[in-house]
Amino acid sequence: MLPVRPFADAQLPKRFDIKSGQFRFRTAQASDASDDIAAWMAIPSIVDGLNMSGQQMNANQLRGWIGGFDNIRRNLVLILTAGENVPAGFLMFDVEPRHRIGSFHLMIAHGEHRIDGGGLAGGRIALEHLFEARGVGKVSMEPLSRNRTVIQSCEWLGFRLEGLLKSHRLDIRTGERLDQHIFGMTKEEYHVWPWRIAR
């Protein structure tokens, strides 16, 4: 059996700058780090949704966190409002080249941007980038079951619920056992999803 060939560009950093509706998505840089953005890491909805410690981070620590993304396999994108270029959140996605699979996470810092479509715009950008630019065959999302906002976004974007992992994670702060949803979408499913066809 012949081995699966890796991506031809697997070792080349992927940087992009895309506008979609009210939002701009561009590769995060160390120079973006600020105390205001660092404070996002303590917002309760983000802490609970991503199972984070909630410990306050400063700009220097944020700069180190941004530097941990190689933009090859682990990618970090800053979400900004398209008009004022005000930071609104992060889009993080991972690519596993051996099996050509991807996954992503969204962090929308302010509630008004969840309401006006920041999360859904980010999901569409992530899917398009992973399937079209990176050539993956499947994208997965694995939100905690308590993260109803992300679960609803998965359903709207056309992901299929593939399973529920009972007591699969530990709450990093309380030690409580948490359930986790498993969603998936193949490239074939992406190509026929109504929101994409209607663009």
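Preceding this section is the structure that the text describes.
No experiment lies behind these values; they were computed from the predicted model shown.

Draft legend 1. Structural detail: the pairing of strand 7 (residues 160-170). Sheet topology note: the strand 7/strand 8 (residues 177-186) ladder contains seven bridges and is antiparallel. Bridge pairing in strand 8 links R160 to G184. Remark: six residues form the turn of the hairpin made by strand 7 and strand 8, two consecutive strands paired antiparallel; G175 in that turn has positive phi of roughly 85°.

Draft legend 2. The arrangement of helix 6 (residues 148-157) in detail. Inspection of helix 6 places V150, I151, S153, C154 and L157 among the buried residues, and these make up the whole buried set. The arc that holds the buried residues of helix 6, viewed along the axis, is 160°, so those residues lie on one side. Just beyond helix 6, the residue with positive phi is G158, at close to 100°.

Draft legend 3. Molecular detail of the pairing of strand 6 (residues 138-141). As defined by bridge partners, strand 5 (residues 101-108) adjoins strand 6 across three bridges and the pair is classed as parallel. Bridge pairing in strand 6 places S103 opposite S140. Across four bridges, strand 6 lies against strand 8 in antiparallel orientation. Bridge pairing links V139 to M185 in strand 8.

Draft legend 4. Quick look at helix 3 (residues 59-67). Among the residues of helix 3, A59, L62 and I66 are the ones counted as buried. The arc enclosing the buried residues of helix 3, seen along the axis, measures out at 55°, which places them on a common side. The exposed residues of helix 3 that point more than 90 degrees off its buried face are N60, G64 and G67. For helix 3, the secondary structure elements touched by its buried residues are helix 1 (35-38) and strand 3 (74-81). Near the N-terminus of helix 3, the side chain that reaches the backbone nitrogen of N60, with its oxygen 3.1 Å away, is that of N58.

Draft legend 5. Representation of unusual backbone geometry within the structure. For R100, which is not glycine, the phi dihedral falls at a positive 55°. Structurally, the position occupied by R100 is in the loop between strand 4 (87-96) and strand 5. Here R100 falls in the partly exposed class, since its relative accessible area comes to 33%. Of note, S167 is a non-glycine position whose phi angle comes to about 50°, a positive value. Secondary-structure assignment places S167 in strand 7. The exposure class of S167 is partly exposed, given its relative accessible area of 35%.

Draft legend 6. How the structure looks around the side chain of S145. If you trace the backbone, S145 turns up in the loop between strand 6 and helix 6. There is a polar contact of 3.4 Å between the side chain of S145 and the backbone nitrogen of Q180. Within the structure, S145 has its side chain in polar contact with the side chain of H181 (distance 2.8 Å). Those residues in contact with S145 that lie beyond four places of it in its chain are I151, L164, D179, Q180 and H181.

Cut-offs applied
Residues numbered from 1 in each chain as written. Predicted model: local features only at pLDDT ≥ 70, side-chain atom pairs only at ≥ 80, totals over all residues. Heavy atoms only, no water. Pairing = 2+ DSSP bridges. Helix = DSSP H or I, 4+ residues; strand = E, 2+ residues; numbered from the N terminus. Buried < 20%, exposed > 50% of the residue type's maximum accessible area, 1.4 Å probe, protein only. Arc of directions from axis to C-beta. Contact = heavy atoms within 4.5 Å. Polar contact = N/O pair within 3.5 Å; in protein donor to acceptor, adjacent residues only side chain to side chain.

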